[in-house]
Amino acid sequence: MPDAKPYVIPKRLVWDAYQRVKANQGAAGVDGESVAAFEANLTDNLYKVWNRMSSGSYFPPPVRLVERPKDNGSTRPLGIPTVADRVAQTVVTMVLEPEVDAHFHPDSYGYRPGKSALDAVGIARQRCWATDWVIDLDIQDFFGSISHELVERAVAHHTDLPWVRLYIARWLRAPVQRPDGTREARTKGTPQGGVISPVLANLFLHYVFDYWMQRTYPRIPFERYADDAIVHCKSEQEARTVLDAIRCRFEQHGLRLHSTKTRIVYCKDDNRPGEYEHVTFDFLGYTFRPRRAINRQGKRFVSFLPAISPKAAQRIRATVRAWRRLPTSQSLDAVVRVINPVVRGWVRYYGRYYRSRCLAVLRQVNLALAAWVRRKYKRLRRRPQASRHWLQRLAARAPQLVVLWPLGATP
């Protein structure tokens, strides 16, 4: 009989992990292998992952470095694992996540089952009405600053499975491969883009921030989504005291707050008329600031409310502009099938709060459709007003054709 494997990892777990990887797709890693190519020899590839993980001989390959542009002109480094490595990381994630998630703070919303970014935005909205001040926290290079030692200690606290601890240690130290082929060793951080990274990041901040806040400032609420967090305070002095304590706490654990992006914000409205340097902040694609509102009696007033942020609106406009160049060989129905799922997602997310602002941004979709119509039909090519009337007549005949039209955002 063959020797028994030192680690008991069910084959079914590896199969289920692959199903998650397949559903998420994603780019190829350093080996250039896509999900489709991996699936071409699926049985052998999954057996190799299971066999090596069960025997303790699985060593992750380097992650492929991809630099993604950020809104401020800088780049965000992502580490893309191979497909096989994503399967292996998913196996460990499926075992570790249920163990740690039960211990996480209720106001930790990122990458957690049953919680979402919109949940965090909604709670933040309510708390900004209840308290006058917000600390807007911005952690500099969070994923690149996580302490390997502290993460491993936290993992060991929650699981006694040696193979889970072994492979997490190896993933933390897997090198990064740059586009020119050179490799860079890592002594800290976990690659943003890895399957296991969100769980490890949440676990790290649970002990560095969430659990510490619960013990040190039990009456001060906060919302955190991954490394994006805001803290609610009753006074400016309290906000300054808590911010100094958080800054010190983070520095003790290898984290640094961004000096200019971290700020104290006054939640200004009609009931809080005072002046302050900062009266707005961004959180999860929403900008919180004083906005006009109407109460149930129809009276206008100013409240502190979230709406789609200028950065999110800018990204949406860039995507919509590209739709002007969709192939004119396609039918209008085919073009709408491309557009509608994306627009529906925008409406569901950015239209949850202060929808009128979201719809004002999304009216750009009608302009893009009109531009496409002018390219498709020669008789409308140099007649912007006529193309708009063409769309208006279509919206009257088929109001459900475009997701926006039933919402009142007609051409």
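Presented here is a report on the structure given in the accompanying data block. Please read all numbers here as calculations on a predicted model, not as lab measurements. (Residues numbered from 1 in each chain as written. Predicted model: local features only at pLDDT ≥ 70, side-chain atom pairs only at ≥ 80, totals over all residues. Heavy atoms only, no water.)

**A word on the pattern of salt bridges**
- Throughout the structure, instances matching the rule amount to 14 salt bridges.
- Between E251 and R256 there is a salt bridge, and its shortest N-O distance comes to 4.0 Å.
- Notably, a salt bridge pairs E275 with K268, separated by 3.3 Å at the nearest N-O pair.
- Salt bridges sharing common partners tie together D107, R127 and E223. (Salt bridge = Lys/Arg side-chain N within 4 Å of Asp/Glu carboxyl O.)

**Notes on the sheet that holds strand β9 (residues 281–283)**
- Overall, antiparallel pairing links the 3 strands, which are arranged β9-β10-β11 in an open sheet. Both edges of this open sheet fall to β9 and β11 (300–308), since each of them pairs with a single strand only. Put simply, the sheet's adjacent strands are angled 50° from each other on average, direction ignored.
- Here 3 bridges tie β9 to strand β10 (residues 286–294), and the two strands are oriented antiparallel to one another. In the strand pairing of β10, F281 is matched with F288.
- Along the sheet face, helix α11 (residues 310–323) touches β9, β10 and β11 and points at about 55° away from the line of β11. (Pairing = 2+ DSSP bridges. Helix = DSSP H or I, 4+ residues; strand = E, 2+ residues; numbered from the N terminus. Axes fitted to C-alpha atoms, helices over the stretch in contact; angles between N-to-C directions. Contact = heavy atoms within 4.5 Å.)

**Comments concerning the packing of aromatic side chains**
- On inspection of all chains with the given rule, the structure shows 22 aromatic pairs.
- With a centroid separation of 5.9 Å and 80° between ring planes, the pair formed by W212 and Y217 is classed as edge-to-face.
- Residue class for W212 comes out buried when judged on its relative accessible area of 10%.
- Plain terms: the ring middles of F281 and F288 are 4.7 Å apart, the flat faces sit at 10° to each other, and that makes the pair stacked. Across the pair, F288 and F281 agree in class, each one buried.
- Connected via pairs of aromatic rings, a cluster forms that spans Y286, Y349, Y350 and Y353.
- Sitting over the ring of Y377, K376 keeps its end group 5.9 Å from the ring centre.
- The cationic tip of R379 hangs over the ring face of Y377; the distance from NZ or CZ to the ring centre is 5.3 Å. (Phe/Tyr/Trp six-rings, centres within 6.5 Å; stacked < 30°, edge-to-face > 60°. Buried < 20%, exposed > 50% of the residue type's maximum accessible area, 1.4 Å probe, protein only. Lys NZ or Arg CZ within 6 Å of the ring centre and 35° of its normal.)

**A look at the sheet that holds strand β3 (residues 133–138)**
- Strand order in the open sheet formed by 4 strands is β6-β7-β3-β8, and the pairing between neighbours is antiparallel. Two strands in the sheet have a free side with no partner beyond their single neighbour: β6 (222–225) and β8 (263–266). Taken over all neighbouring pairs, the strand axes of this sheet differ in orientation by 20° on average, direction set aside.
- Contacts from helix α9 (residues 197–216) reach β3, β6 and β7 (228–233) within the one sheet, and its direction differs from that of β6 by about 175°.

Remember that the coordinates give geometry; whether it matters functionally is a separate question.
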